[in-house]
Amino acid sequence: MDRIRLTAEQKCDIGQREIEELRDEIEKMKEDSDKVVDTYKAIMEESDMRSAELKKTMYEFDRDIVKGAINRRTGKVMGEKVARYFDDKIRSRDTLIEKLRLKNSTLKVQKTKLHMQLKQKEEMGEVLHEVDFNQLKIENSQYLEKIDERNQDLLRLKLMAGNTLQVLNTYKKKLHTLTMESDRLKTEITSRNDLLQRIDTETVTVEDDRSKAEKINRKLRKQLGDYRVPDVMEYVNEKANLYEMAKKVRSWERKVEIAEMALKTHKKTWNKMTMSSHQANPWGIMETV
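These numbers come from a predicted model, not from an experiment.

Q: Would you mind showing me how to read the overall build of the protein chain here?
A: A tally of helices and strands in the protein chain yields four helices and zero strands. Starting at the N terminus, the α and β elements of the protein chain follow one another as α-α-α-α. Each of the 289 residues in the protein chain was classed as buried or not, and the buried ones make up 13%. By sequence separation, contacts in the protein chain at least 24 residues apart represent 79% of the contacts at least 6 residues apart. Surface accessibility of the protein chain: about 24100 Å² in total, with carbon and sulfur atoms responsible for 56%.

Dropping the structure here:
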């Protein structure tokens, strides 16, 4: 069987076709590579933006809450400033979500207009060159990518807003609990201050009674020390007076003992109340999160 031999012209045509096919394949690979590079560039830019936004948020939180919301008297974070901080953040997120939603709507309108223009040209019989058609396809894909990016941003912001709202509700509950505990402690402190004032008043009264009783007791003991043997009638009278005085001394000594017992009881009661207050109130106003 004879082999078919190609002429030089035919070989040149075949080589030219191979070169064109390779050139088209290289061009297509270049376009695909450019798309991948653009995608990675967009991802890197988005990561840089998110990192910068996160650093900014951390700086603002440290400035406004960790350092700026400290109560100078108690040294604790004030719940009102924390709640106001998260409210402001939620409002700013809602504003950004609304802007992205409007931009997304604008891109959709532009896409619709382009589709309508393309449809009108097809109906009017205008011939689209391949370059124009490819340009429209590129623009359409770019708009679709932008719309998808905006939808992803919108979804991410909605998730962030939901998480922020949950944190805000948690802090509001803590603030409510701490406010109730603070009111309870204020009431208890007022009650115990009143009790302490009454105990102080009773202590002063008991001390006065004790001082008077001791003065009378010293006077009576001095009189007993200066005692001399009297006459019979004088002895009888003095004996009667001594008996009466001894009764008064015993009475005053008993009053002094009762006053001292009452003072010890009041002191013991006050110490127990103070110890129970320290044990039942281990609360901190707010811990650092």
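Q: Sorry, what's going on with the layout of surface pockets here?
A: Regions of empty space are outlined by a rolling probe, equal in size to a water molecule, passed over the atoms. Volume-wise, the largest pocket comes out at about 2100 Å³. Contributing to the lining of the largest pocket are 48 residues, with Ala42, Glu46, Glu149, Arg150 and Asp153 lying nearest its centre. Among the elements of the structure, helix H1 (8–67), helix H2 (79–123) and helix H3 (130–225) are those that each provide at least two residues to the lining of the largest pocket. If one sorts the elements of the lining of the largest pocket by residue count, H1 sits on top with 20 residues. Counted by class, the lining of the largest pocket contains 15 nonpolar, nine polar and 24 charged residues.

Q: Explanation requested: the nonpolar core in the structure shown.
A: Residues Ile65, Val82, Ala83, Tyr85, Phe86, Ile90, Leu168 and Tyr171 constitute the largest nonpolar core, which totals eight residues. Among the elements of the structure, H2 and H3 are those that each provide at least two residues to this core. The element that contributes the greatest number of residues to this core is H2, accounting for five residues.

Q: How should a nonpolar patch on the surface be read in this particular structure?
A: Taken together, the side chains of Val36, Tyr40 and Ile43 make up a nonpolar region of the molecular surface, amounting to roughly 300 Å² of accessible area. If you trace the backbone, isoleucine 43 turns up in helix H1. On the basis of relative accessibility, which here comes to 42%, the residue isoleucine 43 falls in the partly exposed class.

Q: Sorry if this is basic, but what is going on with the side chain of arginine 93 here?
A: Position of arginine 93 relative to the elements: it lies in helix H2. In this structure arginine 93 comes out as buried when scored by relative accessible area, which is 14%. Setting aside anything within four residues of it in sequence, one finds arginine 93 in contact with Glu53, Thr57, Leu157 and Met160.

Q: Is there a simple way to think about the side chain of asparagine 104 in this case?
A: The residue asparagine 104 is located in helix H2 in this model. Not counting the four nearest positions on each side in its chain, asparagine 104 is found in contact with Ile147, Arg150 and Asn151.

Each value, and the rule that gives it
- Residues numbered from 1 in each chain as written.
- Predicted model: local features only at pLDDT ≥ 70, side-chain atom pairs only at ≥ 80, totals over all residues.
- Heavy atoms only, no water.
- Helix = DSSP H or I, 4+ residues; strand = E, 2+ residues; numbered from the N terminus.
- Buried < 20%, exposed > 50% of the residue type's maximum accessible area, 1.4 Å probe, protein only.
- Contact = heavy atoms within 4.5 Å.
- Areas by Shrake-Rupley, 256 points an atom, 1.4 Å probe, with all protein chains shown as cover.
- 1 Å grid on protein atoms, 1.4 Å probe; cavity = no way out; pocket = protein on both sides within 12 Å on 5 of 7 lines; lining within 4 Å.
- Points joined across faces, edges and corners; volume = space filled by probe spheres on them.
- Nonpolar A, V, L, I, M, F, W, Y, C, P; charged D, E, K, R; others polar.
- Core = buried A, V, L, I, M, F, W, Y, C linked by side-chain atoms within 4.5 Å.
- Patch = residues over 30% accessible without salt bridge, like charges linked within 9 Å, V, L, I, M, F, W, Y side chains within 5 Å.
- Salt bridge = Lys/Arg side-chain N within 4 Å of Asp/Glu carboxyl O.

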